[in-house]
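Observations on the model geometry
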Amino acid sequence: MKKTKVLQFIHGFSMGGAETLVKEYCLKLNKEKYDLSVLCFHRYGTPYEKILEEAGIRVTYASDYIKDYDRIAHKYPGRLFMLWKRFLFLKGQLKREAPDVLHFHMALSVYVLLAGLDKNVKMLRTVHSEPKKRWNNSPGRRIDFYATKRLVKKYHLQFITLHDSMRKEVNEMFGVNDSLVLNNGIDFSKFETAQPKEVVREREGIPKDAYVIGHVGRFNALKNHGFIVEIFSEIYKKNPNAFLLLVGNGSLREQTEIQLKQLGLENRYKILSNRTDIPDLMNCMDKFLFPSKYEGLGIVLIEAQKIGLECIISSVVPDAAIVSNLIKKVDLRESAEVWAEEIVNFSVDHVTYQKIEEWDMKQVVLRLEEIYAM
């Protein structure tokens, strides 16, 4: 039986939510049915890259084929030259791959549009963030919007969205009626076999009697780390055993550490980056704090609920991410003091779940395979 050639196209594997999803797709797609490959801008040097390599997944990084990529990628005028060289390489690679199914993620529509692929290619784009904010908040993203509209017209591009309200919004924005909903999914087996709290705390140097407030997410404005620190400062005033565990990396990490030290909290926090043992780390937390300014979904909330954590989240997080009674929503207009009170007081005696089995990555990938065959 001839295998279907599937190409996943994404910026790279920097260990965010979208990157985690693509990594799981690559690992779990049926290799007897699919000839799978991945195309990326550049290497980040993360564990995800090593995991895919060890699994025998073929990943092409444009940076490997462009001389001095890392040296000139962020400098003018070299950056403009690099962008042009990258475009030419990616255009050629898309043509060389000649996939039957092209599944791309993030703002890559311009590259796909100008690649000149065969009109019979099945083209899918997963929308990972809130559509109106994704396509309306910068000139570059507006360009991506118009390129995406052209792909809809030329290739009948189909959208995969994370929940029903996102599907309706995408349909309205692009004048289509065939957008799909597919849960992000998590690997349940890893959360069911997580290391005990005491073991993880000893391993990571976290006091065994600490009251650990945790967060998992990239250090950027969206995730609201500055407010996380303010909230934690208020919790620490009430409970000197409070300890903040932040898991992630990003441009605002240094600024967050400066803020913590300015508040005298330099011995009451730990930041862990590029980790693949998220279930273990979540299992050593006492509460999960998630005051995002907006979210397409917030897959880490599904993970936190699966592990059994009580979660205090911003009211803008989509209801689709709520699969248990472990969630307490708080308005971002409330003060850090109010958030701290909610965190300290929120408690669930008996955990109940609603359709959490629909987030099992095994089931999600089976549904993805059905979509590829449609």
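Everything here concerns the structure above.
Figured I'd write up the structure that's included with this text. Given the structure is predicted, the values throughout are model-derived calculations rather than measurements.

1. Re the overall build of the protein
Each helix and strand in the protein was counted, giving 16 helices and 13 strands. Its C-alpha atoms give the protein a radius of gyration of 21 Å, near enough to 21 Å, the size a compact globule of 374 residues would have. The burial tally for the protein puts 55% of its 374 residues in the buried class. Total accessible area computed for the protein in this model is approximately 17,100 Å², and 49% of it derives from carbon and sulfur atoms. One way to put it: in the protein the 56 positive side-chain charges average out to a point 8 Å from where the 48 negative ones average out.

2. Digging into unusual backbone geometry
For His156, which is not glycine, the phi torsion reads 55 degrees and is therefore positive. Here His156 is to be found in the loop between α7 (139–155) and β6 (158–161). Judged by its relative accessible area of 62%, His156 falls in the exposed class. Here the phi dihedral of Lys355 falls at roughly 55 degrees; this positive angle occurs in a residue that is not glycine. By secondary structure assignment, the location of Lys355 is in the loop between α15 (336–345) and α16 (361–373).

3. Describing the pairing of β6
Because side chains alternate across β6, one face comprises the buried residues Gln158 and Ile160, and the other comprises Phe159 and Thr161, equally buried. Bridge count between strand β5 (residues 122–126) and β6: three bridges; the pairing is parallel. Residue Thr126 lies in a different strand from β6, and its bridge partner there is Ile160. Where β6 and strand β7 (residues 180–181) come together, two bridges link them in parallel fashion. Bridge assignment links Thr161 to a residue of β7, and that residue is Val181. Once the chain exits β6 it traverses helix α8 (residues 164–174) before rejoining the sheet at β7, and the crossover so formed is right-handed.

The rules we used
- Residues numbered from 1 in each chain as written.
- Predicted model: local features only at pLDDT ≥ 70, side-chain atom pairs only at ≥ 80, totals over all residues.
- Heavy atoms only, no water.
- Helix = DSSP H or I, 4+ residues; strand = E, 2+ residues; numbered from the N terminus.
- Rg over C-alpha atoms; globule rule 2.2 N^0.38 Å.
- Buried < 20%, exposed > 50% of the residue type's maximum accessible area, 1.4 Å probe, protein only.
- Areas by Shrake-Rupley, 256 points an atom, 1.4 Å probe, with all protein chains shown as cover.
- Lys, Arg positive; Asp, Glu negative; His and termini not counted.
- Charge placed at Lys NZ, Arg CZ, Asp CG, Glu CD.
- Pairing = 2+ DSSP bridges.
- Right-handed = clockwise from strand over helix to strand, strands pointing away.

Note that all results are geometric; they support no functional claim without further evidence.
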